[in-house]
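Chain by chain, the residues:
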Amino acid sequence: MNITFTDNKEIKDFIEKYAKIMQPDDIVLIDGSKKQARQLINEAASTGEIIKLNNKLLPGCLYHRTAPNDVARVEDRTFICTDTKEEAGPSNHWKEPKEAYKMLDSIAKGAMKGRTMYVIPYSMCKIGSPFAKYGIELTDSIYVVLNMMIMTRVHTKVLKKIEKTGEFVKGIHSKVKLELENRYICHFPQDNLIYSLNSGYGGNVLLGKKCFALRIASYQGWKEGWMAEHMLILGVEKPNGEVKYITGAFPSACGKTNLAMLVPPKAYSDKGYKVWTVGDDIAWIRKGKGGKLYAINPENGFFGVAPGTNEKSNPNALHSTKTNTIFTNVVYNQKNKTVWWEGLDKNPPKNVYDWLGNKWSPGMTDKDGKPIKGANPNSRFTAPAKNCPVISSEFENPKGVPITAMLFGGRRAKSAPLVYEARDWKHGVFMGVTMASETTAAAAGAVGVTRRDPMAMLPFCGYNMADYFQHWLDMGKKIKVENRPKIFHVNWFRTDDNGKFIWPGFGDNMRVLDWILRRCEGTVGAVETPIGYMPNPEDINLEGLEDFTVDELKTILDCDKEVWTKEADEIEAYFNKTFGDTLPKELKAELNKLKKNLKTRK
Ligand code: GTP
Ligand code: SPV
Ligand code: MN
């Protein structure tokens, strides 16, 4: 097939190679135009791949269902294919590159027969910005094209950029037959290449996102001296107009989108506090002006968890989904062509279709009497970032935003307190490395099992995690002490004996951010505990918070020595078993400090 849209040999060779393997009927360049998108939407609507939603209530919005066995990332089918297993490290699945290519090519053989191969030139970050990195994704899915057009900057200008430098991340995706047993999400960091087969679910197929902006980019960052992190970025504007930026790494479905779009409680908004969203999932971080660390969001949209999103929990996310949004695996109300999910409101529609396409009404139960959910727990919305009512004016600032504080956090029902602060950078890295969380529906497998998820990057680090830890330690050394972001650990998910969340969370997390920023400014004290600095309970502002007392707060601002001694033992076992001698010795020293503190400190 003749490729006319570029003369660049590298690009042509890439497309021709995979066209030869996958044998599409046609090759179409995606130019990013509205006109072409409209044509593709019409085509996908005619085959049932997508449904156009109510143009009055949800203008430009679309509905899609994935295959029932294809609703989340598949960590056990995700591979880092480096020359040696050591380079991929103990936490990644590894395949030898030559064998991996051979296997993938054989699965991909003829996969696009009767289909069109779409060529998507896209940029992570604003095109032309110094942080920007470019990619080309080949795919046979219109759903992928339409999602990539929201999540990244798709434009023919990207081809011009690539033609100049010859540098781009190659992405190959085919749905093939959506077979679970032949599903592979493979990364070749040394070739800047991603090869994804037999899936149609977000994180597996929107190759700009987790595959490029985290797995490949983390490898690039390691080689080039910057960082790619699974972090939200937000700005807190104080009454005097000053804005401080915070980044936060929480595992999948643990609250990044919610925190990034936080609505401050009345006690704060009345005083003039505002929160601005820069990013909800990924941060690229570099040293910049004044020797500080700066973060940029390489994405252009939000691929957010639908269930639980409502007018109260996250109005900004909900408003972001009102136009030009793609809904995946939620409830479809065919009567007025709208959507619904658990936790949206208390009026679920009746006689509609669930995420599987079955007739559904609220209150339906399965054979064991358990309620049948209308939306898949990992159902998602894909919304343009510019729809967000509180998108930051710095969202596209090519230099990024200066980071004042970094947060780590996860779902810990019992151990971790609401918030505690690291003594210094090294201790903060130790906090990130040792963080753990209960698993969620964002990845296939059991839900609610506690596992270590260093920096929320366990599924996304594109190289050996011991080297990744060292990279974090080294980045700190590059920054003068006074310029280093302060590091905190937060946990919104402590539960009481009835399994109910103790902390109100959501907008009220502002109260914790407030304490964090005051710590960064040095205007509030703290209690020194064996695990780090913790707030004096009176220093967390509970103004206007009903049904929550200082006494309750005290129960989640604790450092139970018995619990933490057990935790320290588990960390030691984890270090020994997973990393052994490869663990940076500074982290071993931090563990020893923790153990000593638990023995000697109050
Ligand atoms: P990914 O997109 O998978 O990376 O997830 P995320 O970290 O952006 O998670 P998100 O903000 O979408 O939150 C996922 C789930 O956590 C939703 O069900 C939320 O309702 C819930 N959640 C978020 N913040 C809080 C909180 O402060 N408290 C409680 N109890 N739940 C929360
Ligand atoms: C996550 O699972 O962390 C997500 C969704 O943000 S996905 O893009 O599918 O990875
Ligand atoms: Mn994520």
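Everything numeric here is computed off the predicted structure, so don't read it as measured data.

Caption draft 1: Inspection of unusual backbone geometry at higher detail. If you check the backbone angles, Leu-178 has positive phi at about 55° while not being a glycine. Along the chain, the position of Leu-178 falls in the loop between strand S9 (169-174) and strand S10 (184-188). You can call Leu-178 partly exposed: its relative accessible area is 26%. One non-glycine residue, Asn-192, lies in the positive phi region at around 50°. Tracing the backbone shows Asn-192 in the loop between S10 and strand S11 (193-197).

Caption draft 2: Geometry of the coordination of the manganese ion (ligand 3). Within the protein, the manganese ion (ligand 3) binds to Lys-210 (NZ), His-230 (NE2) and Asp-281 (OD); these donor distances fall in the range 2.2 to 2.3 Å. Considering all six donor atoms around the manganese ion (ligand 3), angles at the metal cover 67 to 174° and the coordination shape is irregular. Site description for the manganese ion (ligand 3): donor spacing in sequence, K-x19-H-x50-D. Residue His-230 is found in the loop between strand S12 (227-229) and strand S13 (231-237), and its partner Asp-281 is found in the loop between strand S15 (274-279) and strand S16 (283-287); the two are separated by 51 residues along the sequence. The class of Asp-281 is buried, set by a relative accessible area of 8%.

Caption draft 3: Molecular detail of the layout of surface pockets. Of the volumes computed, that of the second largest pocket is approximately 1,000 Å³. At the level of secondary structure, the elements contributing two or more residues to the lining of the second largest pocket comprise helix H2 (34-47), helix H5 (142-151) and strand S8 (153-154). Taken together, the residues that form the lining of the second largest pocket break down as 16 nonpolar, nine polar and seven charged.

Caption draft 4: A look at the pattern of salt bridges. Considering all chains together, one arrives at 32 salt bridges under this definition. Glu-572 serves as the salt-bridge partner of Lys-595, at 2.7 Å between the closest nitrogen and oxygen. Linking Lys-595 in helix H17 (residues 585-600) with Glu-572 in helix H16 (residues 561-579), this pair joins segments that are 23 residues apart in sequence. Relative accessible area serves as the criterion here: at 23%, Lys-595 is assigned to the partly exposed category. The partner of Glu-590 in a salt bridge is Lys-593, with the nearest N and O atoms 3.5 Å apart. On the criterion of helical spacing, the pair formed by Glu-590 and Lys-593 is a turn pair, its members being three residues apart in helix H17.

Caption draft 5: Broad picture of the packing of H16 against H17. As a packed pair, H16 and H17 sit with axes 10 Å apart at the nearest point and diverge in direction by 160°. It follows that H16 is roughly antiparallel to H17 by the angle criterion. Crossing of H16 against H17: the hand is left-handed. Counting all contacts with H16, which are made through Lys-561, Trp-564, Thr-565, Ala-568, Ile-571, Glu-572, Phe-575 and Asn-576, the residues of H17 involved are Leu-587, Lys-588, Leu-591, Leu-594, Lys-595 and Leu-598. Per-class residue counts for the contact of H16 with H17 are eight nonpolar, two polar and four charged.

Caption draft 6: Here's a closer look at the packing of helix H12 (residues 425-433) against helix H13 (residues 465-478). One can describe the packing of H12 onto H13 by two numbers: an axis separation of 10 Å at closest approach and a directional angle of 155°. As the angle between them shows, H12 and H13 are arranged roughly antiparallel. Helix-helix and strand crossings are classified by hand; for H12 and H13 the assignment is right-handed. Across from Trp-425, Lys-426, Val-429 and Val-433 in H12, the residues of H13 making contact are Phe-469, Trp-472, Leu-473 and Gly-476.

Caption draft 7: Up close: helix H14 (residues 510-521). Relative to the 16 Å expected for twelve residues at 1.5 Å per residue, H14 spans 16 Å between its end C-alpha atoms, a close match to the ideal helical length. Burial runs high along H14: nine of the twelve residues are buried. Every buried residue belonging to H14 is among Met-510, Arg-511, Val-512, Leu-513, Asp-514, Trp-515, Ile-516, Leu-517 and Arg-519, and all of these are buried. Following H14 by one or two positions, Gly-522 has its phi on the positive side, about 75°.

Caption draft 8: Just the site of ligand 2, in detail. As a matter of local geometry, ligand 2 sits amid Arg-73, Tyr-201, Gly-203, Lys-209, Lys-210, His-230, Ser-252, Asp-281, Phe-303, Arg-380, Ala-442 and Phe-460. At a separation of 2.9 Å, an oxygen atom of ligand 2 approaches a polar side-chain atom of Arg-73. Asp-281 places a polar side-chain atom, nitrogen or oxygen, 3.4 Å from an oxygen atom of ligand 2. In the shell around ligand 2, the residues fall into four nonpolar, three polar and five charged. A domain-level breakdown of the shell around ligand 2 finds at least three residues from each of domain 1 (9-30 + 71-224) and domain 2 (229-297 + 395-600).

Caption draft 9: The domain arrangement of the protein, seen in detail. Taken as a whole, the protein is organised into domain 1 (9-30 + 71-224), domain 2 (229-297 + 395-600) and domain 3 (302-387). Just the C-alpha atoms count here: the centres of domain 1 and domain 2 sit 31 Å apart. Each partner contributes residues to the interface: domain 1 has 32 residues there, and domain 2 has 32 residues. Of the roughly 2,900 Å² buried where domain 1 meets domain 2, counting both sides, 59% is carbon and sulfur surface. Together, Phe-131, Leu-214 and Trp-222 form the three largest contributors to the area buried by domain 1 at its contact with domain 2, with a combined 25%.

So, how was this worked out
- Residues numbered from 1 in each chain as written.
- Chains lettered and ligands numbered in written order.
- Predicted model: local features only at pLDDT ≥ 70, side-chain atom pairs only at ≥ 80, totals over all residues.
- Heavy atoms only, no water.
- Helix = DSSP H or I, 4+ residues; strand = E, 2+ residues; numbered from the N terminus.
- Buried < 20%, exposed > 50% of the residue type's maximum accessible area, 1.4 Å probe, protein only.
- Donors = N, O, S within 2.8 Å, 3.2 Å for Na, K, Ca; no water.
- Tetrahedral: all angles 85-135°; square planar, octahedral: opposite > 155°, others 65-115°.
- 1 Å grid on protein atoms, 1.4 Å probe; cavity = no way out; pocket = protein on both sides within 12 Å on 5 of 7 lines; lining within 4 Å.
- Points joined across faces, edges and corners; volume = space filled by probe spheres on them.
- Nonpolar A, V, L, I, M, F, W, Y, C, P; charged D, E, K, R; others polar.
- Salt bridge = Lys/Arg side-chain N within 4 Å of Asp/Glu carboxyl O.
- Axes fitted to C-alpha atoms, helices over the stretch in contact; angles between N-to-C directions.
- Parallel < 35°, antiparallel > 145°, perpendicular 65-115°, else oblique.
- Left-handed = near helix turned anticlockwise from the far one by under 90°.
- Contact = heavy atoms within 4.5 Å.
- Expected span 1.5 Å × (residues − 1).
- Near = heavy atom within 4 Å.
- Polar contact = N/O pair within 3.5 Å; in protein donor to acceptor, adjacent residues only side chain to side chain.
- Domains from an automatic or database assignment.
- Buried area = accessible area lost by both parts, 1.4 Å probe.

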